[in-house]
Amino acid sequence: KIMLTLLELSEKEGLQDSFYLHMMPNLGTKEGKEVLKYSSKDDIGTTDIQFIIKGAIKQAGLLVILNEHIKHQTGKAPFGEEFNVRIAPKTINELVDLCQQKISKDMMPLLIGVGDTVTSTKDEINNLWLRGGSDRGFLTLIQELGKKYEQENQIIFVNSCNKEVYRPKASDYSLAGISDPEDILKFNAIIYEGPKQYVKWFSMIAEGRSKRKGSKN
């Protein structure tokens, strides 16, 4: 109710194209709006609804980061100085195409995507998979860029299900609620023990990288 009121107020102020409601987890999108995931006895459903600026999607943000990174490396922004999430393409294919048009293979860095909000639920009535999650888009983009640029981009899933946040949890034998056999998004690694294990792993990688850089000097 509060979120819908905010949307109505934004429309009255002439900002109808500036905001949207982000639902987490969701069942993908329909007619430009995210689909609410209803709860059941086995699934808590959508637990978080956020009022977000339109265009502030992670896959568009990835291109903004790439733009700044390459500018820092070469002095030239491949997508232009004024590039931002609002003017970025909307689909994964369009984002990949733009990268291929503007970024040469030797300038594309190795990308590692880390996410914890990816969902997949079977619609038994229509016999199809409903895939969503706020991290799905940018993880898929990183995976597809790896294919196009022939480099081993890494996709890492972190279990974040705990007492505060209830989400589908990956195990050694199941990705139920997260992925499915027909899902194009594949994980290279899964951090089963959650955020603490991820932070420990990240710190170890950062320390090792720092030591390698130090040995070169």
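Provided above is the structure to which this section pertains.
Residues numbered from 1 in each chain as written. Predicted model: local features only at pLDDT ≥ 70, side-chain atom pairs only at ≥ 80, totals over all residues. Heavy atoms only, no water.

Novice: Could you clarify how one ought to interpret the overall build of the chain in this entry?
Specialist: What the chain contains, in helices and strands, is five helices and nine strands. Beginning at the N terminus, the succession of helices and strands in the chain can be written as α-β-β-β-β-α-α-β-β-β-α-β-β-α. On the principal axes, the C-alpha backbone points of the chain span a range of 55 × 50 × 30 Å. Within the chain, the fraction of its 217 residues that count as buried is 38%. Relative to all contacts within the chain whose residues are 6 or more apart in sequence, the contacts with residues 24 or more apart total 62%. By element, 54% of the accessible surface of the chain is carried by carbon and sulfur atoms, the whole surface being about 14000 Å². Distance between charge centres in the chain, computed from 30 positive and 29 negative side chains, equals 4 Å. (Helix = DSSP H or I, 4+ residues; strand = E, 2+ residues; numbered from the N terminus. Buried < 20%, exposed > 50% of the residue type's maximum accessible area, 1.4 Å probe, protein only. Contact = heavy atoms within 4.5 Å. Areas by Shrake-Rupley, 256 points an atom, 1.4 Å probe, with all protein chains shown as cover. Lys, Arg positive; Asp, Glu negative; His and termini not counted. Charge placed at Lys NZ, Arg CZ, Asp CG, Glu CD.)

Novice: How should the pattern of salt bridges be read in this particular structure?
Specialist: Note that side chains of opposite charge can pair when their charged atoms are close. In total, this model carries seven salt bridges according to the counting rule given. Residue R131 pairs with D180 through a salt bridge whose shortest N-O separation is 2.8 Å. Of the two residues, R131 is situated in strand β7 (residues 128–132) and D180 in the loop between β8 (154–158) and β9 (189–191); the sequence distance between them amounts to 49 residues. Classification of R131 as partly exposed rests on a relative accessible area of 27%. (Salt bridge = Lys/Arg side-chain N within 4 Å of Asp/Glu carboxyl O.)

Novice: Would you explain the sheet that holds β9 in this entry?
Specialist: The three strands are arranged β5-β8-β9 in an open sheet whose pairing can be described as parallel. Since the sheet does not close on itself, it has two edges, and those belong to β5 (112–115) and β9, each with one partner. Each strand of the sheet is rotated relative to its neighbour by a mean of 20°, with strand direction disregarded. The strands touched by helix α4 (residues 136–148) are β5 and β8; relative to β5, the strand with the most contacts, the crossing angle is about 160°. (Pairing = 2+ DSSP bridges. Axes fitted to C-alpha atoms, helices over the stretch in contact; angles between N-to-C directions.)

Novice: What is the right way to look at the pairing of strand β2 (residues 26–30) in this model?
Specialist: On a regular strand, one side chain projects to one face of the sheet and the next to the other, so that they alternate. One ladder, built from three bridges, connects β2 with strand β3 (residues 33–36); its direction is antiparallel. Residue pairing for β3: T29 is matched across the bridge by E34. Taken together, β2 and the strand that follows it, β3, pair antiparallel across an intervening segment of two residues, in which E31 is found at a positive phi of about 55°.

Novice: I keep staring at the packing of helix α3 (residues 92–102) against α4 and nothing clicks. Help me out?
Specialist: The description of two helices packed together rests on the angle between their axes and the distance between the axes. Two numbers describe how α3 lies on α4: the axes approach to 10 Å, and their chain directions differ by 45°. Here α3 lies oblique to α4, going by the angle between them. Here α3 runs over α4; the crossing is right-handed. Contact residues: I92, L95, V96, C99 and Q100 in α3; G137, L141, E144, L145 and K148 in α4. (Parallel < 35°, antiparallel > 145°, perpendicular 65-115°, else oblique. Left-handed = near helix turned anticlockwise from the far one by under 90°.)

Novice: I keep staring at α4 and nothing clicks. Help me out?
Specialist: What sets the pattern is the α-helix's 3.6 residues per turn: residues three or four places apart point alike. In this model, α4 (13 residues) spans 18 Å end to end at C-alpha, consistent with the 18 Å of a helix rising 1.5 Å per residue. Counting buried positions along α4 yields eleven of 13 residues, so the element is predominantly enclosed. Of the surrounding secondary structure, the elements contacted by the buried residues of α4 are α2 (58–74), α3, β5, β6 (119–123), β7 and β8. Two residues or fewer past α4, E150 is found with a positive phi of approximately 55°. (Expected span 1.5 Å × (residues − 1).)

Novice: Where do I start with the pairing of β7 in this structure?
Specialist: Here β6 pairs with β7 via five bridges, running antiparallel. Paired with T121 across the strands is L130, a residue of β7. From the end of β6 to the start of β7, which pair antiparallel, there are four residues, and N127 there has a positive phi angle of about 55°.

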